[in-house]
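# Inside the fold
For reference, the chains in residue letters:
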Amino acid sequence: MTTRPDKAEHAGEGTEIADLPTGPVEYRLTGGGESTVVVLHGGHMRAGLRLGEDVFAEGRSVLIPSRPGYGRTPLEVGASPAAFADVTARLCERLGLRRIEAVVGASAGGPTAAALASRHPHLVRRVVLECAVGPLPWPDRRTRLVGRVVFAPGVETVTWTAVRALLRIAPATGLRTLLGGLSNRPPAEVFAALDDDRRAGLAEVHSRMRSGRGFRNDLRTCSGSVPSFEQPCLVVAARGDGAVPMAQALAWVRALPNAELLISDADSHLLWFDADYPLVADRIRRFLGAGA
C-alpha cells in the first residue's frame with residue numbers, strides 16, 4: 001500500500017505531485033531554459049528546500065524530485081537508488097524531458113544519480129557528484145546506530161523540533177552542535193570562519209529539514225557498490241567533510257572511466273556555505289559548458 005505523507009507540512013513550497021504508475025512523486029520544476037538539470041538532494045532534504053541549485057539554474061530549467069521517504073514522495077515508490085532512478089526517468093518522460101544536460105547527486109543522492117546515468121544513458125548527458133555517498137560502505141557503525149534511533153518513526157519529529165528550538169534560542173550553540181557531525185575539523189573553528197550570511201543560511205536550511213522515512217532508508221540502501229557509467233562526471237569533494245569522507249570521492253574516480261576530481265577547501269559537508277564555493281561553482285559552469 002502506498003501512502004502519501006501529510007500534505008499540510010509541505011504546502012506553499014512550490015512543489016507539484018506527479019501521479020506515476022509506481023505512485024506519487026513530489027517535484028519542483030524551475031526556470032524556462034531549453035536544457036534541464038535534475039538535482040537529487042541528500043538526506044533530510046526534499047524538493048521544496050533550495051540548496052546549491054543556483055549554479056545549475058543559470059539559463060536552464062532545474063528539476064528537483066523528493067527522493068523516497070522525503071516530502072510527499074512515499075518510500076514505497078522506489079526505495080532503492082536503482083528503483084528511484086527508473087522512477088525519475090519516468091518523471092522526466094511525463095514532463096516531456098527527453099534529454100537532460102546533467103544529473104546532480106548530492107550526498108545520499110549520489111547513488112541514485114549514478115543509477116540514473118547507468119540505467120538510462122540515452123537520457124543523461126553528464127553527471128555531477130557533490131560530496132556524494134559512493135562505492136564504499138557508509139556511514140560508520142556509530143552514525144548508523146544513532147541515526148536509526150534519532151530518526152525513527154515518531155522520534156524524528158521530536159528530533160527536528162529540538163533542533164529548531166536550539167537554533168532559535170541559542171543559534172551559535174545550535175550551529176556548532178550541527179557542525180560537529182558535518183566537519184572533520186573542530187566545530188568552533190568552522191563556526192568562527194562563517195560570516196553572518198552563511199550562518200543564517202545554515203540555520204535556515206536546518207530549521208526546515210525533515211527526515212520522514214527517507215533517512216533511515218538511506219542508511220539501509222546507500223551503502224556499498226554503485227553502478228558505473230560512461231558519461232563525463234565531475235566528482236566534487238570537500239577536505240573538511242565529516243559526513244561523507246573524501247575516500248568516497250576517490251573511490252568514485254577509480255570506479256568511473258570518465259571522471260575528474262575537484263577538491264574543495266570547504267570546512268564541512270555543506271560546501272555551498274563555504275567561502276571556497278565560488279571556485280567550485282565556476283568549475284561546475286565550465287564542466288556543464290564543455291562540448292555544449
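Above this note sits the structure.
Residue numbers run consecutively from 1 along every chain, following the written order of its sequence. In keeping with the model being predicted, local features are shown solely for residues with a pLDDT of at least 70 and side-chain atom pairs are shown and tallied solely at 80 or more, while totals for entire chains, interfaces and linings include all residues. For the side-chain quantities, the full set of heavy atoms in the structure was used; hydrogens and water were omitted.

Moving on to the overall build of the chain. In this description a helix means any DSSP run of H or I spanning at least four residues, a strand means any run of E spanning at least two, and both kinds are numbered starting from the N terminus. Of the regular secondary structure elements, the chain holds ten helices and eight strands. It is over C-alpha atoms that the radius of gyration is taken, and the globule rule equals 2.2 Å times the number of residues to the power 0.38. Relative to the compact-globule value of 19 Å for 292 residues, the chain shows a C-alpha radius of gyration of 18 Å, a close match. Residues counted as buried form 53% of the 292 residues belonging to the chain. Contact criterion: two residues are considered in contact whenever any of their non-hydrogen atoms come within 4.5 Å of each other. Considering only contacts in the chain between residues 6 or more positions apart, those separated by 24 or more positions represent 77%. Each residue is placed in one exposure class: buried if its accessible area under a 1.4 Å probe, protein chains only, is under 20% of its type's maximum, exposed if it is over 50%, and partly exposed if it falls in between.

We now examine the packing of helix H4 (residues 156–169) against helix H5 (residues 171–179). Axis separation between H4 and H5 bottoms out at 5 Å; the angle between their running directions is 135°. In terms of orientation, H4 lies oblique with respect to H5. Together, Val163, Leu166, Leu167, Arg168 and Ile169 of H4 and Pro171, Thr173, Gly174, Leu175, Thr177 and Leu178 of H5 make up the contact between the two elements. Classification used: nonpolar for Ala, Val, Leu, Ile, Met, Phe, Trp, Tyr, Cys and Pro, charged for Asp, Glu, Lys and Arg, polar for all others including Gly. Grouping the constituent residues of the contact of H4 with H5 by class yields seven nonpolar, three polar and one charged. To obtain an axis, a line is fitted to C-alpha atoms, over the contacting stretch when the element is a helix, and the angle between two such axes runs from 0 to 180 degrees between their N-to-C directions. In these notes the angle categories are as follows: under 35 degrees is roughly parallel, over 145 is roughly antiparallel, 65 to 115 is roughly perpendicular, and the rest is oblique.

Attention now goes to the packing of helix H3 (residues 141–150) against helix H8 (residues 214–221). It is the contact of H3 with H8, at a shortest axis distance of 9 Å, that shows an interaxial angle of 155°. If you check the angle between H3 and H8, you find them roughly antiparallel. Read as a crossing pair, H3 and H8 show a hand that is left-handed. Contacts between H3 and H8 involve Arg144, Gly147, Arg148 and Val149 on the former and, on the latter, Arg216, Leu219 and Arg220. Here a crossing is taken to be left-handed if its near helix is turned anticlockwise relative to the far helix by less than a right angle, and right-handed if that turn runs clockwise.

Turning our eyes to something else, we now look at the side chain of Asp218. Mapping Asp218 onto the fold places it in helix H8. A residue is classified by how much of its surface remains accessible, and Asp218, at 1% relative accessible area, is buried. Under this definition, polar contacts are N or O atom pairs within 3.5 Å; protein pairs additionally need one hydrogen-donor-capable and one acceptor-capable atom, and for neighbouring residues in sequence, both atoms have to be side-chain atoms. Side-chain polar atoms of Asp218 contact the side chain of Arg67, separated by 2.9 Å. Ignoring any residue separated from it by four or fewer positions in sequence, one finds Asp218 in contact with Gly43, Arg67, Tyr70, Ala108 and Trp138.

By themselves, these are just geometric observations and shouldn't be taken as functional.
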